[in-house]
Amino acid sequence: METQMAQKGLHVTPRNGKWAVRAAGASRASRVVSTQKEAETIAKERAKRDGGEVYVHGRDGRIRERSTYGKDPYPPKG
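Residues numbered from 1 in each chain as written. Predicted model: local features only at pLDDT ≥ 70, side-chain atom pairs only at ≥ 80, totals over all residues. Heavy atoms only, no water.

## As for the overall build of the chain
Phase 1 of the analysis: Along the chain, the regular secondary structure elements total one helix and five strands.
Phase 2 of the analysis: Going from the N terminus to the C terminus, the chain shows its helices and strands as β-β-β-α-β-β.
Phase 3 of the analysis: For the chain, with 78 residues in total, the buried portion stands at 36%.
Phase 4 of the analysis: Taking the intrachain contacts of the chain between residues at least 6 apart in sequence as the baseline, contacts between residues at least 24 apart amount to 32%. (Helix = DSSP H or I, 4+ residues; strand = E, 2+ residues; numbered from the N terminus. Buried < 20%, exposed > 50% of the residue type's maximum accessible area, 1.4 Å probe, protein only. Contact = heavy atoms within 4.5 Å.)

If you want it as structure tokens, here you go:
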């Protein structure tokens, strides 16, 4: 029996010269790939499928981009 969990966020972070995709709160990366672009693509596809946010960190570890996918509880007005 598979349980459906709402995805809170996915982080794209540098790791030993490569790039990791890690779910928020997870201790281990779900994927480690060669390029940041590849890691971003993986994270964004997963967030689009499951809903959630993608946080892309720079080489310094600071968040440089944030994207939200799925149903927005506070859509823009106007």
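## Notes on helix H1 (residues 36-50)
Phase 1 of the analysis: The terminal C-alpha atoms of H1, which comprises 15 residues, lie 21 Å apart, in line with the 21 Å expected from a rise of 1.5 Å per residue.
Phase 2 of the analysis: Of all the positions in H1, only Gln36, Ala39, Glu40, Ile42, Ala43, Lys44, Arg46 and Ala47 are classed as buried.
Phase 3 of the analysis: Looking at the packing, one finds that the buried side of H1 touches strand S1 (9-15), strand S2 (18-23), strand S3 (31-33), strand S4 (52-57) and strand S5 (63-69).
Phase 4 of the analysis: Phi for Gly51, located one or two positions after H1, is positive at around 80°. (Expected span 1.5 Å × (residues − 1).)

## Looking at the confidence of the model for the chain
Phase 1 of the analysis: On average, residues of the chain score 88 in pLDDT, and 83% of them reach the 70 mark or higher.
Phase 2 of the analysis: Overall, residues 1-7 carries pLDDT values under 50, and its contacts beyond four positions in sequence, including any with other chains, amount to five contacts. (pLDDT = per-residue confidence, 0-100.)

## Focus: the pairing of S2
Phase 1 of the analysis: Sheet topology places S1 next to S2; six bridges connect them, and they run antiparallel. Bridged to Pro14 within S2 is Trp19.
Phase 2 of the analysis: Count of turn residues in the S1/S2 antiparallel hairpin: two residues, of which Asn16 carries a positive phi of about 50°.
Phase 3 of the analysis: Note: S2 against S3, three bridges, orientation antiparallel. Within the sheet, the bridge partner assigned to Ala20 lies in S3 and is Val32. (Pairing = 2+ DSSP bridges.)

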